[in-house]
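As a plain string of letters, each chain reads:
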Amino acid sequence: MYAFYKVTWPEIKSGVFSGFLMAVTMSLDDFSIAFFTKGAGVNTLSTMLYTELRKGVCPELYALSTILFAFLLLLVMNRRSDRIAGNHAGIH
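Residues numbered from 1 in each chain as written. Predicted model: local features only at pLDDT ≥ 70, side-chain atom pairs only at ≥ 80, totals over all residues. Heavy atoms only, no water.

Any chance you could break down the environment of Gly 56 for me, citing the residues and the numbers?
By secondary structure assignment, the location of Gly 56 is in the loop between helix 2 (45–55) and helix 3 (59–88). Each C-alpha atom of the pair Gly 56 and Asn 43 lies 17 Å from the other, and the pair is 13 residues apart in sequence. (Helix = DSSP H or I, 4+ residues; strand = E, 2+ residues; numbered from the N terminus.)

Pasting the structure below:
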């Protein structure tokens, strides 16, 4: 970790920051395009969340948030267990 923060991180910091800004920009762009061009009865996840937040959160959004959080948690735990299993097997 020391080598990463002293050697690698300074080299890739600008790329990580510009990638973050590009991801935020593309996300906002996708939302604005979907918001202004979607037809009646068509919802994307971002436009549905936006309209629901304006009029009050319904229980379905709590369920959706729980499912998305559980999926993310399972993904992180799976990656972590793969990394731990690889270290015990001598794989680097």
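Describe the packing of helix 1 (residues 2–37) against helix 2, and please don't skip the residues or the numbers.
The N-to-C vectors of helix 1 and helix 2 enclose an angle of 75°; their axes lie 9 Å apart at closest approach. Considered as vectors, helix 1 and helix 2 are oriented roughly perpendicular to each other. In this structure, helix 1 uses Phe 31, Ala 34 and Phe 35 to contact helix 2, whose residues at the interface are Ser 46, Thr 47 and Tyr 50. In the contact of helix 1 with helix 2, the residues fall into four nonpolar, two polar and no charged. (Axes fitted to C-alpha atoms, helices over the stretch in contact; angles between N-to-C directions. Parallel < 35°, antiparallel > 145°, perpendicular 65-115°, else oblique. Contact = heavy atoms within 4.5 Å. Nonpolar A, V, L, I, M, F, W, Y, C, P; charged D, E, K, R; others polar.)

Please provide a residue-by-residue account of the environment of Met 22, values included.
Relative to the elements of secondary structure, Met 22 occurs in helix 1. Judged by relative accessible area, Met 22 falls into the exposed class, the value being 58%. The sequence separation of Met 22 and Val 57 amounts to 35 residues, and the corresponding C-alpha distance is 29 Å. (Buried < 20%, exposed > 50% of the residue type's maximum accessible area, 1.4 Å probe, protein only.)

Tell me about a nonpolar patch on the surface, and please be specific about residues and values.
On the surface, a nonpolar cluster with roughly 570 Å² of combined accessible area is contributed by Leu 45, Leu 49, Leu 53, Val 57, Tyr 62 and Leu 68. Every element with two or more residues in the nonpolar patch is listed here: helix 2 and helix 3. For the nonpolar patch, the element with the most residues is helix 2, which contributes three residues. By secondary structure assignment, the location of Tyr 62 is in helix 3. (Patch = residues over 30% accessible without salt bridge, like charges linked within 9 Å, V, L, I, M, F, W, Y side chains within 5 Å. Areas by Shrake-Rupley, 256 points an atom, 1.4 Å probe, with all protein chains shown as cover. Salt bridge = Lys/Arg side-chain N within 4 Å of Asp/Glu carboxyl O.)

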